[in-house]
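# Structural description and commentary
Listed here are the chains, written in short residue letters.
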Amino acid sequence: MKFNKTFKITATALAMLIPLLFLSTFVQSSNLNTPENQEQEEGKSNKAMKLIVIDPGHGGNLPGAKGEFTYEKDIVLQVGKKLKEAIEKEMPGVKAMLTRDSDIDVPFHQRTALANKNHADLFISIHCNSANSDRRVKGKNGRYVTQVIKRPQVSGTETFVCGFNRLQRGESDVAVRENADILMEDNYQENYGGFDPKDPSTYIIFSLMKRTYRDKSIRFATYIQNEYVKKGRPNRGVQELSLAVLASAAMPAVLTEIGFISNPQEEEFMASNKGQEEIVANIVDAIKHYRTSSGMQ
C-alpha cells in the first residue's frame with residue numbers, strides 16, 4: 001500500500017513537472033532583452049497598486065496557537081482589521097480586502113482564490129508564532145497523555161514565502177502547524193491536488209507549483225522584516241516553506257509571523273492596542289516601500 005501511494009505521488013509529480021519544464025523554457029526564451037520586452041516591462045512597472053488582500057489566519061473552531069490569555073485567531077483578526085483601515089487611509093486609491101472579518105474559519109484554498117478572483121496586487125497572511133510543542137508521555141497510571149513543552153524564551157518575527165527546501169530536510173515545525181488546518185476541510189485532498197499535511201512525501205507537490213512571484217514575494221517579505229527590526233523586534237529572517245495558504249496565489253504573497261504568542265512579553269505586546277498599531281505601521285511602511293521599489297503608482 002505504501003509503495004502504491006509513493007508511486008502515485010511520484011507519477012503525479014512527474015506529470016506536473018514535465019509541462020513546467022516546457023513552460024520554463026518558454027518563459028526564458030520570451031524574456032530576452034528586446035525593445036518589445038523592455039516596453040512590456042516598463043508597462044508592468046507603471047501599474048497602479050489597487051488591491052491588497054489581508055488574510056487573518058485560522059478562525060472559528062480552528063483557533064491556531066494559544067497563549068496564556070489569548071488565541072492567535074483573535075489577535076490576527078484585530079491586526080487585520082486595523083491594517084485594512086490603515087492601508088485605505090494612508091494609501092489613497094488602494095483598497096484592502098479581508099479574507100474573514102469575523103470569527104469564522106475559511107479554507108486555505110478559498111483565501112487565495114479570493115485574492116486571485118479579484119486580481120489582488122499583494123496577499124498578506126497574518127499569524128502568531130508559537131515555540132510550544134506537544135509530546136506524548138506515560139502518566140502515573142501507565143496511560144499516555146499529551147504534555148505541553150513550553151519555551152517562553154523564544155521570541156521574534158519572521159516572514160515566509162512559499163517554498164519547499166526547508167521542509168524537505170525536515171527542519172521546520174512551522175509549516176506542519178500552519179498547514180494542519182487543512183485536515184478539518186472537506187475533500188482536502190481534492191482541493192489541494194492530493195496534498196496531505198500528515199505525509200511529508202506529498203510536500204513535493206508544492207515544489208512543482210507556479211513560482212512566478214517568488215522573487216517579488218521575497219523582496220516584499222524582506223521589507224516587512226526590515227520594518228520590524230527598525231522598531232527593535234528580534235529578526236528571525238525571511239524563509240521559504242511549503243505553506244498551503246500561499247501556494248496558489250497569483251501575486252506576490254507572504255505569511256508574516258508577528259511574534260510568539262508563547263512568549264509572555266510578546267503576547268502582551270501583540271494583544272495591546274499600542275503593539276497592534278506598531279505592527280500595522282510596520283506592514284504599511286513595507287507596502288509603501290515595495291510599491292515605490294516596484295515602480296507602481
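Here is what the cut-offs are and how they apply
- Residue numbering note: each chain is counted from 1, following its sequence as written.
- Note on the predicted model: pLDDT of at least 70 is required for a residue's local features to be given, and 80 or more for side-chain atom pairs to be given and counted; whole-chain, interface and lining totals, by contrast, use all residues.
- Side-chain numbers come from the whole structure's heavy atoms, not from hydrogens or water.
- Helix and strand definitions here come from DSSP, where helices need a minimum of 4 consecutive H or I residues and strands a minimum of 2 consecutive E residues; each element is numbered from the N-terminal end.
- Note on exposure labels: buried denotes an accessible area under 20% of the residue type's maximum, exposed denotes more than 50%, and partly exposed covers the range between, all computed with a 1.4 Å probe on protein chains only.
- Polar contact is the term for a pair of N or O atoms within 3.5 Å; when the atoms are in protein, one must be able to donate a hydrogen and the other to accept it, and sequence-neighboring residues count only if both atoms are side-chain atoms.
- In this description, contact between two residues means that some pair of their heavy atoms is separated by no more than 4.5 Å.
- What makes a salt bridge here is a side-chain nitrogen of Lys or Arg within 4 Å of a carboxyl oxygen of Asp or Glu, nothing more.
- For helices, the fitted line uses only the C-alpha atoms of the stretch in contact; every axis is such a line through C-alpha atoms, and the angle between N-to-C directions lies from 0 to 180 degrees.
- If an angle is under 35 degrees, it is roughly parallel; if it is over 145, roughly antiparallel; if it lies from 65 to 115, roughly perpendicular; otherwise it is oblique.
- Under the scheme applied here, ten amino acids are nonpolar (Ala, Val, Leu, Ile, Met, Phe, Trp, Tyr, Cys and Pro), four are charged (Asp, Glu, Lys and Arg), and all others, including Gly, are polar.
- Only when DSSP finds a minimum of two bridges between them are two strands counted as paired.
- Here, the arc refers to the directions that run from the helix axis to the C-beta atoms.
- Values of pLDDT, the confidence the predictor places in each residue, fall between 0 and 100.
- To qualify as a nonpolar core, a set must consist of buried Ala, Val, Leu, Ile, Met, Phe, Trp, Tyr and Cys residues joined through side-chain atoms within 4.5 Å.

## Focus on the side chain of Ser-125
Tracing the chain through its elements places Ser-125 in strand β3 (residues 122-129). Looking at Ser-125, the relative accessible area reads 0%, which means it is buried. At a separation of 2.6 Å, a polar atom in the side chain of Ser-125 contacts the side chain of Asp-55. Once residues lying within four places of it in the same chain are set aside, the contact partners of Ser-125 are Asp-55, Val-245, Val-254, Leu-255 and Thr-256.

## Here's the deal with the pattern of salt bridges
Counted by the stated rule, this structure contains eleven salt bridges. Here Arg-111 makes a salt bridge to Asp-105, at a shortest N to O gap of 3.6 Å. We classify Arg-111 as buried; its relative accessible area is 1%. Its relative accessible area of 29% is what places Asp-105 among the partly exposed residues. A salt bridge links Arg-214 to Asp-215, with the shortest nitrogen-to-oxygen separation between them at 3.4 Å. Overlapping salt bridges bring together Asp-55, Asp-105 and Arg-111 as one network.

## Here's the deal with the packing of helix α11 (residues 264-271) against helix α12 (residues 273-293)
Two elements in contact, α11 and α12, have axes separated by 4 Å at closest approach and are oriented at 80 degrees. Considering the angle they form, α11 stands roughly perpendicular to α12. Contact residues: Phe-269, Met-270 and Ala-271 in α11; Asn-273, Gly-275, Gln-276, Glu-278 and Ile-279 in α12. Taken together, the residues of the contact of α11 with α12 sort by class into four nonpolar, three polar and one charged.

## Here we look at unusual backbone geometry
The residue His-58 is not glycine, and still its phi comes out positive at about 60 degrees. Examined against the element boundaries, His-58 turns out to sit in the loop between β1 (51-56) and α3 (72-90). A relative accessible area of 3% means that His-58 is categorised as buried.

## With respect to the sheet that holds strand β7 (residues 235-241)
Reading across from one edge, β2-β1-β3-β8-β6-β7 is the order of the six strands in this open sheet, with mixed pairing throughout. Each of the sheet's edge strands pairs with one partner strand only, and the pair in question is β2 (95-98) and β7. Going across the sheet, the axis of each strand differs from the next one's by a mean of 20 degrees, ignoring polarity. Along the sheet face, α12 touches β1, β3 and β8 (253-260) and points at about 150 degrees away from the line of β3.

## Brief notes about α11
When we look at burial in α11, the residues that qualify are Glu-266, Glu-267 and Met-270. The buried residues of α11 occupy one face: seen down the axis, they fall within an arc of 105 degrees. In α11, the exposed positions that point more than 90 degrees away from the buried face belong to Gln-265 and Glu-268. Buried residues along α11 sit against α3, β3, β8 and α12. The N-capping residue of α11, defined by a side-chain oxygen 3.0 Å from the backbone nitrogen of Gln-265, is Asn-263.

## Description of the side chain of Arg-111
Residue placement: Arg-111 occurs in helix α4 (residues 108-117). Polar side-chain contacts of Arg-111 include one of 2.8 Å to the backbone oxygen of Pro-56. Setting aside residues no more than four positions away along its own chain, Arg-111 makes contact with Asp-55, Pro-56, Gly-57, His-58, Thr-99, Arg-100, Asp-105, Val-106, Phe-123 and Val-245.

## Observations concerning the confidence of the model for the protein
A low pLDDT score tells you not to read the predicted coordinates there in detail. A residue-level look at the protein finds 68% of positions with pLDDT of 70 or above and a mean pLDDT of 78. Per-residue pLDDT stays below 50 along residues 201-205; that stretch engages in 21 contacts with residues further than four places along the chain or on separate chains.

## Let's talk about the nonpolar core
Grouped burial of nonpolar side chains is what soluble globular proteins tend to show. One finds Met-49, Ile-52, Ile-87, Phe-220, Ile-258 and Ile-287 to be the most contacted residues of the largest nonpolar core, which totals 36 residues. Mapped by element, the contributors of at least two residues to this core are β1, α3, β2, β3, α9 (214-230), β8 and α12. If one sorts the elements of this core by residue count, α12 sits on top with seven residues.

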